[in-house]
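# Working through the structure, step by step
Below, each chain spelled out in residue letters.
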Amino acid sequence: MVQLKGYIDQLRSLTPPDPQRIQAVDGGGFIDSRLQSGEWGPFDNVTEFNKFFGHEYIKNKYSEYRAAFDKVEGRKWRVVFAHGDLGPHNILWRDGKIVAIIDWQCSGWLPEYWEYAKSWYGSQTSEWWELFRRVMDRYDDELEVEHCIGAVVTRL
């Protein structure tokens, strides 16, 4: 995990072409296995990105989730380069070392919390997730918001 954090830190240190814009590597939209709607985005900024995922709507419509959204309201996140689907299924290991990270179609310039939140979905095992969260920069409040969004989606 320490080696993986080093790679993530390298990706996050890259300078985005536009420090506000959420976009795929080619400047276009994204795909995401959780969204069956095809390509989505790009977005002019993180606020528009969060609006797309229903932050304002869910906060105002579902009072049981309001506290989670209140925790992150007003936060400012950097736009960083992220893999977007990081988990053990996309990391090739040999002799305890990472030899490749594969499956980059979800990557792009995203809010800094995105890699952490998306990695929870891709973790596959609680053991991997616990190791991941011990080493990585943590965004637990943002992950809680992602769980609220998921709970609302399963209701629909």
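Preceding block: the structure.
Model, not experiment: these values are computed from the prediction.

### Section: the overall build of the chain
Along the chain, the regular secondary structure elements total seven helices and seven strands. Relative to its length of 156 residues, the chain is compact, with a C-alpha radius of gyration of 16 Å against a globular reference of 15 Å. The dimensions of the chain, computed from C-alpha atoms along their principal axes, are 50 × 35 × 30 Å. Relative to its full complement of 156 residues, the chain shows a buried share of 46%. In the chain, the share of contacts with a sequence separation of at least 24, taken over all contacts with a separation of at least 6, comes to 68%. Of the accessible surface of the chain, which amounts to about 8400 Å², a share of 51% is contributed by carbon and sulfur atoms.

### Quick notes on the environment of I102
Within the element layout of this structure, I102 appears in the loop between β6 (97–101) and β7 (108–111). When the C-alpha positions of I102 and G27 are compared, they lie 21 Å apart, and in sequence the two are 75 residues distant. Filtering out sequence-adjacent residues up to four positions away, I102 remains in contact with H83, H89, N90 and L92.

### Quick notes on the pattern of salt bridges
If the charged atoms of two oppositely charged side chains come close together, the side chains can form a pair. Counted according to the given criterion, the structure contains 15 salt bridges. Ionic pairing is found between E112 and R78, a salt bridge with its closest N-O pair at 3.9 Å. Here E112 is found in the loop between β7 and α5 (114–122), whereas its partner R78 is found in the loop between α4 (66–72) and β4 (79–82), with 34 residues between them in sequence. R78 gets classed as partly exposed once you look at its relative accessible area, which sits at 44%. When the shortest N-O distance is used, the salt bridge between R133 and E130 registers 3.4 Å. Pair noted here: R133 and E130 are both in helix α6 (residues 126–135), with a separation of three residues, about one helical turn. Put simply, E130, R133, R138 and D140 are held in one network by salt bridges that share partners.

### Details of the side chain of K59
Structurally, K59 is set in helix α3 (residues 55–61). A relative accessible area of 16% means that K59 is categorised as buried. Excluding anything up to four places from it in sequence, K59 contacts R66, F69, D70 and E73.

### Section: the nonpolar core
Core analysis: the largest hydrophobic core is formed by 42 residues, its most contacted members being L4, I22, F49 and F132. Ignoring anything within four residues of it in the chain, the contact list for F132 reads M1, L4, I8, L86, Y116 and S119.

### Some details on the sheet that holds β4
Taken in spatial order, the three strands line up as β1-β7-β4 in an open sheet, and their pairing is antiparallel. Edge positions in the open sheet fall to β1 (23–24) and β4, since each of these has one partner strand only.

### Focus: α5
Most of α5 is tucked away: seven of the nine residues are buried. Looking at α5, one finds that the buried residues are W114, E115, Y116, A117, K118, S119 and G122. Looking one or two residues past α5, Q124 carries a phi angle of roughly 70°, positive in sign.

### Details of the packing of aromatic side chains
Within this structure, the stated rule accounts for 24 aromatic pairs. Aromatic pair F53 and W114: ring centres 5.3 Å apart, planes at 45°, arrangement tilted. Of this pair, F53 sits in the loop between α2 (46–52) and α3 while W114 is found in helix α5, placing the two residues 61 residues apart along the sequence. The pair formed by F53 and W114 is uniform in burial state, with each residue classed as buried. On the basis of an interplanar angle of 70° and a centroid distance of 5.2 Å, the ring pair of F81 and W109 is categorised as edge-to-face. With F81 in strand β4 and W109 in strand β7, this pair connects stretches of sequence that are 28 residues apart. Take F81: its relative accessible area is 11%, and that puts it in the buried class.

Rules used throughout
Residues numbered from 1 in each chain as written. Predicted model: local features only at pLDDT ≥ 70, side-chain atom pairs only at ≥ 80, totals over all residues. Heavy atoms only, no water. Helix = DSSP H or I, 4+ residues; strand = E, 2+ residues; numbered from the N terminus. Rg over C-alpha atoms; globule rule 2.2 N^0.38 Å. Buried < 20%, exposed > 50% of the residue type's maximum accessible area, 1.4 Å probe, protein only. Contact = heavy atoms within 4.5 Å. Areas by Shrake-Rupley, 256 points an atom, 1.4 Å probe, with all protein chains shown as cover. Salt bridge = Lys/Arg side-chain N within 4 Å of Asp/Glu carboxyl O. Core = buried A, V, L, I, M, F, W, Y, C linked by side-chain atoms within 4.5 Å. Pairing = 2+ DSSP bridges. Phe/Tyr/Trp six-rings, centres within 6.5 Å; stacked < 30°, edge-to-face > 60°.

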